[in-house]
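So you can see what is in the structure, the chains are spelled out below.
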Amino acid sequence: MSAGDTGAADTSLPARAGAVLTIDLAAVQANYRRLQERLAPQARCAAVVKADAYGLGAARVGPALARAGAETFFVAQLDEGIAVREALRCVAPEAEILVLNGTGAGPGADFRAHRLIPVLNSLGEIESWQSEAARAGHRLAAALHVDTGMNRLGMPQAELDVLAEDPRRLDGIGLRLTMSHLACAELSRHPMNAEQRAIYDAARGRLPAAPGSLANSSGIFLGPAYHYDLARPGVALYGGNPTPNQRNPMQQVVRLQGKILQAREIDAPQTVGYGATHRAAGPCRLATVAVGYADGYLRSLSNRGRAWVGGQSVPVVGRVSMDLITLDVSAVPPEASRPGALVDLIGPEVPVDDLAEAAGTIGYEILTALGGRYHRVYRNG
Ligand SMILES: *Cc1c(COP(=O)(O)O)cnc(C)c1O
């Protein structure tokens, strides 16, 4: 994109909106296909759409992914599963939807009513799903999560020993998948990756045969040994870099443009914003933008974030407040930073991961924090 091509001409902003969030569904689909192409021939690519598709809107992102070929979807919570089932009703009624938080996420009857598959995380969950199958009078599908070192969700090794001794505990359950989750996948040289894979292989060898799944977004880039039968990418679908410290192989999905409300000239020794944390060193021009921490523009970006306006990278100066941020636009021609102009807070020149780094967090948190006040535009939906 050419310098300066960031203005209102690109996106029609309703007069009442303070910011516009553009979500490029064609880019999500391109990312899905790119990941699927990377996988070993036997492996299929699922789509993780938990937390409302990482803040981007599962009701729109889910169907777009289904049209790109996704047949298996992962959510965290039961209600998310119900919402995704509804969103896929026309485009992919037979899609598999798995609930990572397991039977603890809600009543078994609700799983069945919406054809949601729990990811069972313990012997207790296996037992409760077995009882549900008895009530149903037929086998019920489930996935099994074995913990291989994350110590978060998944069946601990001691419980795996019990299950391996007594596989009848799975009677009545149609095992669709045996999965685990990597703790350090984005660190390609971390020894824990190979360790977890070895523990996972050993666990699968002791369990009834079922398709396997280990890789999240970054896990896909660890190579075919990590692909098994199903990959579970999330953040890479939404443009996050699954290979930190290397070029991002994914297409950007999100553009966030904030509207300038006011511009002003100040001179030293005046200060900017709450706490007077920024002091003008000399004459400068400021622009105040209608986005703040209530919109998910994290307060930790105070004096650290950067935006793009008029073909220039400009700094956030002063504190991020609830509804506003202030930019030093001295380097930008005044006509590009007048009230009403749009600045890129996330965009081609301000990648999500760069913003995350400035905020001291990860792209996942930037995306899932994106607020409800934005005017949302879905492109190529
Ligand atoms: C969130 C999650 C994923 C997706 O992870 P990304 O890093 O976003 O690709 C995959 N598997 C499990 C178990 C998860 O919780």
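These lines cover the structure that appears in this document, whether it is placed above or below.

Brief notes about the overall build of the chain
Link 1 in the chain: What the chain contains, in helices and strands, is 11 helices and 19 strands.
Link 2 in the chain: On the principal axes, the C-alpha backbone points of the chain span a range of 75 × 45 × 40 Å.
Link 3 in the chain: The long-range fraction of contacts in the chain, counting pairs at least 24 apart against all pairs at least 6 apart in sequence, stands at 66%.
Link 4 in the chain: Surface exposure of the chain reaches about 16,400 Å², of which carbon and sulfur atoms provide 50%.

Comments concerning the packing of aromatic side chains
Link 1 in the chain: Within the structure shown, the criterion is met by 4 aromatic pairs.
Link 2 in the chain: Centroid distance Tyr200 to Tyr228: 4.9 Å. Interplanar angle 85°. Geometry classified as edge-to-face. Residue Tyr200 is located in helix α8 (residues 191-205), and its partner Tyr228 is located in the loop between α9 (217-220) and β10 (230-231); the two are separated by 28 residues in the primary sequence.
Link 3 in the chain: Overall, Tyr228 belongs to the buried group, its relative accessible area being 11%.
Link 4 in the chain: Following the ring pairs from residue to residue traces out a cluster consisting of Tyr54, Tyr238 and Tyr364.
Link 5 in the chain: Sitting above the plane of the Tyr226 ring, Arg197 keeps its charged end 4.9 Å from the centroid.

What to know about the side chain of Thr148
Link 1 in the chain: Within the secondary structure layout, Thr148 lies in the loop between β7 (140-145) and α7 (157-165).
Link 2 in the chain: Polar side-chain contacts of Thr148 include one of 2.8 Å to the side chain of Ser180.
Link 3 in the chain: A polar contact of 3.0 Å, which involves the side chain of Thr148, links it to the side chain of Gln196.
Link 4 in the chain: Look past the residues within four positions of Thr148 in its chain and what remains in contact with it is Ser180, His181, Gln196, Ile199 and Tyr200.

So, the site of the ligand
Link 1 in the chain: Near the ligand there are 14 residues, and of these Lys50, Tyr54, Ser217, Gly234 and Tyr364 occur at the shortest range.
Link 2 in the chain: In this structure, Tyr54 approaches the ligand through a side-chain N or O atom, which is 2.5 Å from an oxygen atom.
Link 3 in the chain: Out of a free accessible area of 390 Å², the ligand has 93% covered by protein chains.
Link 4 in the chain: In a pocket analysis with a 2 Å cut-off to the grid points, the ligand is assigned to the largest pocket.

Brief notes about α8
One turn of an α-helix holds 3.6 residues; hence residues three or four places apart share an orientation.
Link 1 in the chain: When the terminal C-alpha atoms of α8 are compared, their 22 Å separation across 15 residues agrees well with the 21 Å that a helix rising 1.5 Å per residue should span.
Link 2 in the chain: Along its buried surface, α8 packs onto α7, β8 (173-179) and β9 (212-213).

Focus: the pattern of salt bridges
Link 1 in the chain: Overall, the coordinates contain 14 salt bridges when judged by the stated rule.
Link 2 in the chain: We note a salt bridge from Glu265 to Arg285, for which the minimum N-O separation is 3.3 Å. Highlighted residues: Glu265 in strand β11 (residues 254-266) and Arg285 in strand β14 (residues 284-289), separated in sequence by 20 residues.
Link 3 in the chain: One continuous salt-bridge network, built from bridges that share partners, spans Arg112, Glu132 and Arg135.

Quick look at empty space enclosed by the protein
Link 1 in the chain: Inspection of the entire model under this criterion finds 1 cavity of 30 Å³ or more.
Link 2 in the chain: Residue lining of the largest cavity: Leu256, Gly296, Tyr297, Leu298, Leu301, Ile346, Leu355, Ile366, Leu370 and Tyr374, and that is the complete set.
Link 3 in the chain: Residues that form the lining of the largest cavity fall into these classes: 9 nonpolar, 1 polar and no charged.

Quick word on helix α3 (residues 58-67)
Link 1 in the chain: When you tally the buried positions in α3, you get 7 out of 10 residues, the bulk of the element.
Link 2 in the chain: Among the residues of α3, those classed as buried are Ala58, Val61, Gly62, Pro63, Ala64, Leu65 and Ala66.
Link 3 in the chain: On its buried side, α3 packs onto α1 (25-38), β3 (47-48), α2 (50-54), β4 (72-75) and α4 (78-87).

Points about the sheet that holds strand β5 (residues 96-99)
Link 1 in the chain: Taking strand neighbours across the sheet as the criterion, the 7 strands line up as β3-β4-β5-β6-β7-β8-β9 in an open arrangement whose pairing is parallel. Taken across any chain shown, the strands that pair with only one partner, and hence form the sheet edges, are β3 and β9.
Link 2 in the chain: Where β7 and β8 come together, 6 bridges link them in parallel fashion. Following the sheet pairing, Ala143 is matched in β8 by Leu177.
Link 3 in the chain: Each of β6 (116-120), β7 and β8 touches helix α6 (residues 123-136); the most contacted strand, β7, lies at about 175° to it.

Considering the packing of α1 against α3
Link 1 in the chain: Where α1 meets α3, the axes come as close as 9 Å, and the angle between the chain directions of the two elements is 45°. Here α1 lies oblique to α3, going by the angle between them. Where α1 crosses over α3, the two elements pack in a sense that is right-handed. Residues Leu25, Val28, Gln29 and Tyr32 of α1 form the contact with α3, whose participating residues are Arg60, Val61, Ala64, Leu65 and Arg67.

About the cut-offs
- Residues numbered from 1 in each chain as written.
- Predicted model: local features only at pLDDT ≥ 70, side-chain atom pairs only at ≥ 80, totals over all residues.
- Heavy atoms only, no water.
- Helix = DSSP H or I, 4+ residues; strand = E, 2+ residues; numbered from the N terminus.
- Contact = heavy atoms within 4.5 Å.
- Areas by Shrake-Rupley, 256 points an atom, 1.4 Å probe, with all protein chains shown as cover.
- Phe/Tyr/Trp six-rings, centres within 6.5 Å; stacked < 30°, edge-to-face > 60°.
- Buried < 20%, exposed > 50% of the residue type's maximum accessible area, 1.4 Å probe, protein only.
- Lys NZ or Arg CZ within 6 Å of the ring centre and 35° of its normal.
- Polar contact = N/O pair within 3.5 Å; in protein donor to acceptor, adjacent residues only side chain to side chain.
- Near = heavy atom within 4 Å.
- 1 Å grid on protein atoms, 1.4 Å probe; cavity = no way out; pocket = protein on both sides within 12 Å on 5 of 7 lines; lining within 4 Å.
- Sits in = over half its atoms within 2 Å of the grid points.
- Expected span 1.5 Å × (residues − 1).
- Salt bridge = Lys/Arg side-chain N within 4 Å of Asp/Glu carboxyl O.
- Points joined across faces, edges and corners; volume = space filled by probe spheres on them.
- Nonpolar A, V, L, I, M, F, W, Y, C, P; charged D, E, K, R; others polar.
- Pairing = 2+ DSSP bridges.
- Axes fitted to C-alpha atoms, helices over the stretch in contact; angles between N-to-C directions.
- Parallel < 35°, antiparallel > 145°, perpendicular 65-115°, else oblique.
- Left-handed = near helix turned anticlockwise from the far one by under 90°.

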